[in-house]
Amino acid sequence: MSTTKVLQKSESWKHSTISVKPPSYRKKPLVTNQSWLKGKRLDDGAEGLWRIHDNLYDFNDFVSKHPGGSFWLDRTKGTDITESFESHHIRGVPQAILQKYFVRQAQQPRNYTLTLKENGFYLTLKRRVAEQLKNVDQSPKGKTRFYHLILLSATLVFIVLSALMPNIIFEVAAALSLAWLSISAHNYFHQRDNWQMYTFNFTLMNFNEWRISHALSHHVYTNSLHDLEMSLFEPFLCWIPNKHIASKARRIVSVIIQPVFYSLIFPIQLLQRTVRSVVGKNELYWHDIIGFSLPILMLLVSPAPSSSTVILQWLRIIAISSFIFGLIGLNASHHTPEIVHDGDALRENRDWGLYQVDTIIDRGDIKNSHFMCLTHFGEHCLHHLFPTLDHGVLPQLYPILMKTLSEFKSELREITFLDHIIGQNQQLLRTKANPIPVDQRKLKK
């Protein structure tokens, strides 16, 4: 075997199973939202424009007119937005608009190997959903807004009570309300700009940063090396089943220390962006100040003689809330040994929608509760397939989803929250890729 082949073999773990090139952003020692976007511009062959399938478009004059807000197009310039474009425009975009901004065909094939064929699973499902939406009952969206408002009110009330009458019960109640508020706000930052998305920032995190790491990265390239929500936790938590990324010993340690990371999710994100902004990366937003409105409110109403006492209360609330958020979020649907992760064998049909189905196992124990789905990342498969739709509307699409899954010889899998917690720890310990695709594993049972 030649030296070149030996090197290629030894470096093969750096390649993703869903792309031709290894992700450039992972070559850097520090992984951030901005480094992910920079790497994507290097890999995607968009030639400084916006790539959709094999065509290049110049949306510079359309950015400020984009109905969903300028953020989406502003951040994705120079990248391939095919999957995001398809999943965020369920009813399609008038060809006249696309033609107006069409430049030319791309000079190189797409980097991503998952497909979106007209007769494939996802686009077939999308056409059916677009038709069904004409008759869908939209009233559950009002219930979603009501639940979000109740959680916002509860957070403020318990924050005030915690400051007026310091008590661990009020602090835990404030933390729980804040965690649920942030998860319900996640429903909104996938949509066009709205006021509800700003409530996500009470956590010290920022919805715009999550629009990159969650909506543009995780939702599109789920459980792959291109998924920022995987990479940002490495090397402390690693769900990729590969010993080169994290050894067995390190994985055992990660299982033990993961609760600590749950508690630090909120403050660390703000701290990281602040540090990078100080050194010139400019990753802060004006609305980051929302994250400090809760401690300010506590300071204003607290009778405590020392401000440090109040700040410590707030920090406890943030830590507890972050822990609840991490416990729910990291055990929501994506990490068990039965779920596809980068390196695992993929089914022969590489349809992007089927890939999403294979990277998710829904929580069946909350399926019948609108509130629980909204606050626990429920209806997860449908949410990944159609992220802009309100969580309250999604249940009405199950008949179409089940019918289409059956036609394409697939199924929706469900387990409980406890099963997810157990499976997530098993996944953290897994170092070997699964050589059998999900659909063949099902047939062997």
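- An unreviewed UniProt entry lists the protein under the name Cytochrome b5-related protein, with Musca domestica given as the organism.
- Checking UniProt for the protein, the heading Function (unreviewed entry) contains the comment "May play a role in muscle cell metabolism."
- As stated in UniProt under Sequence similarities (unreviewed entry), the record for the protein gives "Belongs to the cytochrome b5 family."

Topic: the overall build of the protein
Thought 1: Assigned secondary structure in the protein consists of 19 helices and 5 strands.
Thought 2: Here the C-alpha radius of gyration of the protein, 22 Å, is about what a compact globule of 445 residues would show, namely 22 Å.
Thought 3: Each of the three principal axes of the protein carries a C-alpha extent, and together these read 70 × 55 × 50 Å.
Thought 4: Looking at the protein as a whole, 54% of its 445 residues are labelled buried.
Thought 5: A separation of at least 24 residues holds for 75% of the contacts in the protein among residues at least 6 apart in sequence.
Thought 6: For the protein, the accessible surface area stands at approximately 19600 Å², while carbon and sulfur atoms represent 62% of it.
Thought 7: Here the protein contributes 49 positive and 37 negative side-chain charges, whose respective centroids are spaced 3 Å apart.

Topic: unusual backbone geometry
Thought 1: For the bond from Glu 234 to Pro 235, the omega torsion is 5°, close enough to zero to count as cis.
Thought 2: Among the secondary structure elements, Pro 235 is positioned in the loop between helix H10 (228–231) and helix H11 (248–278).
Thought 3: Positioned with a positive phi, His 53 is a non-glycine residue whose angle comes to about 55°.
Thought 4: If you trace the backbone, His 53 turns up in the loop between strand S1 (50–52) and strand S2 (55–57).
Thought 5: Despite not being glycine, Asn 223 shows a phi value in the positive range, around 60°.

Here we look at the sheet that holds strand S3 (residues 102–105)
Thought 1: If you walk across this open sheet you meet the 3 strands as S1-S2-S3, and the pairing is antiparallel. At either end of the open sheet lies a strand with only one pairing partner, and these are S1 and S3. Taking the axes of each pair of neighbouring strands and ignoring which way they run, one obtains an average angle of 30° across the sheet.
Thought 2: Where S1 lies against S2, 3 bridges are found, and the strand directions are antiparallel. In the strand pairing of S2, Trp 50 is matched with Tyr 57.

Quick look at the packing of aromatic side chains
Thought 1: Inspection of every chain in the model, using the stated rule, returns 27 aromatic pairs.
Thought 2: Geometrically, the ring pair formed by Trp 36 and Tyr 221 is tilted, given 6.4 Å between the ring centres and 55° between the ring planes. On the criterion of sequence distance, the pair formed by Trp 36 in helix H2 (residues 33–43) and Tyr 221 in the loop between helix H9 (207–218) and H10 is long-range, its members being 185 residues apart.
Thought 3: Aromatic rings pair up to connect Trp 50, Tyr 57, Phe 59, Phe 62, Tyr 101 and Phe 102 into one cluster.
Thought 4: It is Lys 367 that lies over the ring of Tyr 398; its NZ or CZ is 4.4 Å from the centre.

Side note on empty space enclosed by the protein
Thought 1: In total, this model carries 5 cavities of 30 Å³ or more according to the counting rule given.
Thought 2: A volume near 60 Å³ is recorded for the largest cavity.
Thought 3: In terms of lining, the largest cavity is formed by Trp 36, Lys 40, Thr 76, Thr 79, Asp 80, Ile 81, Glu 83, Ser 84, Leu 216, Val 220 and Tyr 221.
Thought 4: The set of elements that each furnish at least two residues to the lining of the largest cavity consists of H2 and helix H4 (82–88).
Thought 5: Among the residues forming the lining of the largest cavity, the class breakdown is 5 nonpolar, 3 polar and 3 charged.
Thought 6: Two domains each put at least three residues into the lining of the largest cavity: domain 1 (3–116) and domain 2 (117–444).

Section: the domain arrangement of the protein
Thought 1: The domains assigned to the protein are domain 1 (3–116) and domain 2 (117–444).
Thought 2: On a C-alpha basis, the centroid separation for the pair domain 1 and domain 2 is 23 Å.
Thought 3: Listed as interface residues are 41 residues of domain 1 and, on the opposing side, 50 residues of domain 2.
Thought 4: When domain 1 packs against domain 2, close to 4200 Å² is buried across both sides, 63% of that on carbon and sulfur atoms.
Thought 5: Taken together, domain 1 and domain 2 are joined by 2 salt bridges.

Some remarks on the layout of surface pockets
Thought 1: Size it by volume and the largest pocket reaches roughly 1200 Å³.
Thought 2: Taken together, 48 residues line the largest pocket, and the ones lying closest to its centre are Met 230, Ser 231, Leu 232, Phe 233 and Glu 234.
Thought 3: Counting only elements with at least two residues in the lining of the largest pocket, the list comes to H9, H10, H11 and helix H13 (307–329).
Thought 4: When residues in the lining of the largest pocket are grouped by element, the largest group, 8 residues, is from H11.
Thought 5: Considered class by class, the residues forming the lining of the largest pocket number 22 nonpolar, 15 polar and 11 charged.
Thought 6: Here the lining of the largest pocket gathers at least three residues from each of two domains, domain 1 (3–116) and domain 2 (117–444).
Thought 7: Approximately 1000 Å³ is the volume attributed to the second largest pocket.

A closer look at a nonpolar patch on the surface
Thought 1: On the surface, Ile 289, Phe 292, Ile 296 and Leu 300 cluster together into a nonpolar patch covering about 430 Å² of accessible area.
Thought 2: Turning to its location among the elements, Ile 289 is positioned in the loop between H11 and helix H12 (293–301).

Notes on the pattern of salt bridges
Thought 1: Per the counting criterion, the structure on display carries 20 salt bridges.
Thought 2: With a closest N to O distance of 3.2 Å, Arg 127 and Glu 118 form a salt bridge.
Thought 3: On the accessibility criterion, Arg 127 (43% relative accessible area) is partly exposed.
Thought 4: A residue is classified by how much of its surface remains accessible, and Glu 118, at 57% relative accessible area, is exposed.
Thought 5: One salt bridge in this structure joins Arg 211 and Asp 193, with 3.0 Å as the shortest N-O distance. Taken together, the residues span a long stretch of sequence, with Arg 211 in helix H9 and Asp 193 in the loop between helix H8 (168–189) and H9 at a distance of 18 residues.

Re the side chain of Ser 231
Thought 1: As for its position among the elements, Ser 231 is in helix H10.
Thought 2: Aside from chain neighbours lying at most four places away, what touches Ser 231 is Tyr 25, Arg 26, Val 31 and Leu 225.

Thresholds applied
- Residues numbered from 1 in each chain as written.
- Predicted model: local features only at pLDDT ≥ 70, side-chain atom pairs only at ≥ 80, totals over all residues.
- Heavy atoms only, no water.
- UniProt positions renumbered as here; feature names shortened; annotations may be inferred.
- Helix = DSSP H or I, 4+ residues; strand = E, 2+ residues; numbered from the N terminus.
- Rg over C-alpha atoms; globule rule 2.2 N^0.38 Å.
- Buried < 20%, exposed > 50% of the residue type's maximum accessible area, 1.4 Å probe, protein only.
- Contact = heavy atoms within 4.5 Å.
- Areas by Shrake-Rupley, 256 points an atom, 1.4 Å probe, with all protein chains shown as cover.
- Lys, Arg positive; Asp, Glu negative; His and termini not counted.
- Charge placed at Lys NZ, Arg CZ, Asp CG, Glu CD.
- Pairing = 2+ DSSP bridges.
- Axes fitted to C-alpha atoms, helices over the stretch in contact; angles between N-to-C directions.
- Phe/Tyr/Trp six-rings, centres within 6.5 Å; stacked < 30°, edge-to-face > 60°.
- Lys NZ or Arg CZ within 6 Å of the ring centre and 35° of its normal.
- 1 Å grid on protein atoms, 1.4 Å probe; cavity = no way out; pocket = protein on both sides within 12 Å on 5 of 7 lines; lining within 4 Å.
- Points joined across faces, edges and corners; volume = space filled by probe spheres on them.
- Nonpolar A, V, L, I, M, F, W, Y, C, P; charged D, E, K, R; others polar.
- Domains from an automatic or database assignment.
- Buried area = accessible area lost by both parts, 1.4 Å probe.
- Salt bridge = Lys/Arg side-chain N within 4 Å of Asp/Glu carboxyl O.
- Patch = residues over 30% accessible without salt bridge, like charges linked within 9 Å, V, L, I, M, F, W, Y side chains within 5 Å.

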